[in-house]
Amino acid sequence: MTILDAHPDTAVAEPTAALEARDIVKRFDGVHALNGAGLSVRAGEIHALLGENGAGKSTLIKILTGLYSPDSGSLHRHGEEVEFANVRVANHAGVVALYQELSVIPSISVAENILLGEQTPSRGGLVQWRSLRRRARAQLDSINQRIPLGMLAGDLTPVQQTMVAFARALATDARVLILDEPTASLTDTEIKDLFAVLRSLRERGVAIVYVSHRLEEVFELCDRLTIMRNGQTIMTKDVADSHIDEVISTMVGRSTGELYPERGTATTTVALTVTDLHGRRVKDVSFEVHRGEVLGIGGLAGSGRSELLRIISGAQKHVRGEITVGATSLPRSPGVGRALDAGIALVPEERRSQGVILGSSIQDNIALANISSVSSLGLVSGARIADITTRGMHDLHIKARSPRQPVGELSGGNQQKVVLAKMLARNPDVLLMDEPTRGIDVGTKAEIYRLIRQLAAGGTAVVTVSSELPELIGMSDRILIMHEGRISGEMLAAEADEEVLLAYCYGKANEHDDHE
Amino acid sequence: MNMTTTSNPVLEDSADIRTTPRRSVGQMLLSSGTVLALIALIIFFFAMRPDVFLSFTNVKNILYQVAILAIIAGAQTIVMVVGDFDLSVAATSSLAGAVAASLMLGGMPIPLAILVALAVGLLIGLANGLLIAYVNLSAFVATLATLTSVTGLAFIVTQGTTLFNLPAGFNALGQGKFLEIPLPVFIAIAISLILWFVLKYTTLGRRWYATGGNVEVSRLSGVNVRRARLLAFTIAGLVSAIGGILLTARLGSASAVQGDDNLLFSVAAVFLGMTIVRSGAANIVGTMVGVAIIGVMSNGLNILGVNAYVQQVVTGLIIIAAVTLSSLKTRSR
């Protein structure tokens, strides 16, 4: 069926579009991940897909490649409506996504990686090795790569692995390539190589969707850009007509509203001091948090913000540096138990794999961090568990059938409240929260913001990591931004400006402060 | 849904948390395919041989036959609660029995020989625990390795033969009776009760279940998961040794491989038992149901004159049937 028959009144699908997505809506558990998202990429262009974390880029990509199916909306190839029931169907239609982390199978050779699965030349079930090598070599030659065919893919450098993944995509005759953060782990020279290959693919008429947080790259490489925000496509524009400031402000948008409670509970008593902390990614980090203060920490994924919280909470070892709670200095890498005893509690990033035991009941989960306070002489008191559970469920408004209900049956917001209840039962002096509202609906988000402020008003020092700048500004008193393991900027939330914060996120502090 | 609009969003029944009815043990058992399988087996064998199967003597026999397996399966339950498993439990029990026998034949007093044998089991468990919790070997690799070495040690201790002529006082532990019921039955019941209590009511049991539920969540909640796993394997080693010593006393002899069947049966019993609770976690009550199934099967087929090899085939099939039945039910929920 052609698009003209299906939508006589709406705009006609772009006939030149190698791949177009229109009015895509996708909900997860009733929450909109995409609500009117669209993208149109032409043959022979490199098209940047931009947006903040949580804007819906990755969900859109997964729909483009058949990993998810949209609740409504349509996909078109050259104006013709298509349905991608799964990844294979999308691949057959020439649409291939390359993800940073699963680009190659490390345990088999380069040649086999290039001609995987159905592409492997075989006769009567036997692999035709000579033909395999010849065709693999031809694919690598076409993108000017000299990678030994017999090497194990796992022994290649990241950029070589990316190249092998390209060669594989080309071997399947991909016409639309979707690249998700392809330069995240590459050096400058490797990026140059990659760009050269991308440009040659563009010459060959391949349509490329390029997702990146590095705006400079977008302006260097791409022809057009599409910006998403809150699950919607906001605009599509020629890169030549765009300005980086305009792009940033469009990505960020303008809306906070009454979501956030009032500030002003900070005291001058220091609750937590971190001095010269070094970890795997974290470098030279020093800061203080006061009682009653909410400190927000921002930065891009991989900037070291989660590691910082994990180190302070004792969950991860650190190389050097000092952590002091109140007047007590913690020993190096104390372990979670001792950090908890010292008054530091962490609400971790991944709720389902780090926060709650999904198969266990609410009360068992809450008891988990409080085993010593609900027991005496090694025996657990059911009554005391019931006490702290009732209190937690009441204080946090946890909606559940009973305290014995498995946490896995609760909604995401209620699961997060269970994690909070578990940690709050310890009465921590310092509460660390990593993405406390990720995947939670707006109503529960507001509740969590209020709770954070209540805790602060009660004298708790709260440190929250968030990828969402509006949230960071709305709920914090003060904001630190991390870039490549270091603190790249600091601002009072009341004076904060999203564009400046985003610039800090990209490590561009100096443009706004002083010169380099 | 915005829960802030509700004045008391916690539902009514949470007001009386302490009296919220737990599913009663009876309900729990009846809702499980595994328990139904056990009941079906009992009815079947009773129907086939009404004169023999449920007689006092035969029931006593079944209990006697499964007592050692119950102890080994108890040990296996602990490690499976923490989310691991232990391939070396049966080999450890054989070695402990062999050590006790060999020491007594060498003239060591009975209590001392038993203590040394228990210590051997404890040390093997400790080694497993160290390898798994601290060296980060997988439980499969670590316990397969100790299984191999421990079996070798048992052959060395027994010099490849069967040790017998053990002191009568020692054999009485396995062969003596109290109220017409063999002592190992009482010991197995006592150990099961202790393990049940530890798993259910102690902080250690909490930590074990938490670790088995999710290692990372437990660690981030301040549970010392390494120590929890170390203790689980150590105690499993100790309990296995108790089983092995009792087996030696029951048989009045010790050989290097006499407990080997108990490995697979112990794992099977725990798996069967995991099907009777909603959470699907290893638990002592369930394990004992599993042990009972295995015991009833083997005894019933014996009474019917089915040969041992066929028994083994049928046991496997019953395990598949019971676990499949339970998982079908879980899926339909």
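Quantities reported herein were computed from a predicted structural model and do not represent experimental measurements.

### What to know about the overall build of chain B
Summing up its helical and strand segments, chain B has 14 helices and two strands in all. A total of 333 residues make up chain B; the buried ones form 52% of that total. The contacts of chain B with a sequence gap of at least 6 include a subset with a gap of at least 24, amounting to 77%.

### Remarks on the confidence of the model for chain A
All names here are of chain A. For chain A, the average pLDDT comes to 85, and 92% of its residues sit at 70 or higher. Confidence over residues 1-12 falls short of pLDDT 50; this stretch has eleven contacts with residues more than four positions distant or in other chains. Between residues 511-516, whose pLDDT stays under 50, and residues either more than four places distant or in other chains, the model counts five contacts.

### With respect to the interface of chain B and chain A
Tallying the contact residues gives 31 residues for chain B and 37 residues for chain A. Broken down by secondary-structure element, the contributors of at least two residues to the side of chain B that touches chain A are α9 (203-213) and α10 (215-220) of chain B. Broken down by element, the residue count for the side of chain B that touches chain A peaks at six residues, all from α9(B). Taken together, the residues of the side of chain B that touches chain A break down into eleven nonpolar, 14 polar and six charged.

### Quick notes on the environment of V285(B)
Within the secondary structure, V285(B) sits in helix α13 (residues 284-303). When the C-alpha atoms of V285(B) and G74(B) are compared, they prove to be 9.8 Å apart, with 211 residues separating the residues in sequence.

### Things to note about the sheet that holds strand β6 (residues 95-99) of chain A
All names here are of chain A. Read from one edge to the other, the open sheet built from six strands follows the order β6-β9-β10-β3-β11-β12, with strand pairing classed as mixed. Only two strands of the sheet have a single neighbouring strand rather than two, namely β6 and β12 (232-238). The mean inter-strand angle of the sheet, taken between neighbouring strand axes irrespective of direction, is 20°. Two strands pair when backbone bridges link them, and β6 and strand β9 (residues 176-180) are joined in this way by five bridges, in the parallel orientation. If you follow V95 over to β9, its bridge partner there is V176. On top of the sheet, helix α7 (residues 188-203) reaches β3 (46-50), β9 and β10 (207-211); it is set at about 145° to β10, its chief contact. Along the sheet, helix α9 (residues 244-252) contacts β3, β11 (224-229) and β12; its crossing angle with β11, the most-contacted strand, is approximately 30°.

### Some points on the domain arrangement of chain A
Residue and element names in this part refer to chain A. The domains assigned to chain A are domain 1 (3-252), domain 2 (257-343 + 428-511) and domain 3 (355-427). One C-alpha centre belongs to domain 1, the other to domain 2, and the line joining them spans 35 Å. Between domain 1 and domain 2, the residue contacts involve eight residues of the former and nine residues of the latter. Tallying contributions element by element places α9 first for the side of domain 1 that touches domain 2, with three residues. Grouping the constituent residues of the side of domain 1 that touches domain 2 by class yields three nonpolar, four polar and one charged.

Reading guide: rules and limits
Numbering of residues starts from 1 in each chain and follows the order in which that chain's sequence is written. Both sets of labels track the order of writing: A upward for chains, 1 upward for ligands. Side-chain atom pairs in this predicted model are given and counted only at pLDDT of 80 or more, local residue features only at pLDDT of at least 70, and totals for whole chains, interfaces and linings cover all residues. Segments assigned H or I by DSSP are reported as helices when at least four residues long, segments assigned E as strands when at least two residues long, and all are numbered from the N terminus. In this scheme the burial state of a residue depends on its C-beta neighbours within 10 Å: 20 or more other such atoms mean buried, 12 or fewer mean exposed, and anything in between means partly exposed; the C-beta positions come from the backbone. Our contact criterion uses C-beta atoms placed from the backbone: two residues qualify when those atoms are within 7 Å. Here pLDDT means the predictor's own confidence in every residue, given as a number from 0 to 100. Charged means Asp, Glu, Lys or Arg here, nonpolar means Ala, Val, Leu, Ile, Met, Phe, Trp, Tyr, Cys or Pro, and polar covers whatever is left, Gly included. At least two DSSP bridges between two strands are required for those strands to pair. Angles shown run from 0 to 180 degrees and are taken between the N-to-C directions of axes, each axis being a line fitted to C-alpha atoms and, for helices, limited to the stretch in contact. Residue ranges assigned to each domain were obtained from an automatic or database domain assignment.

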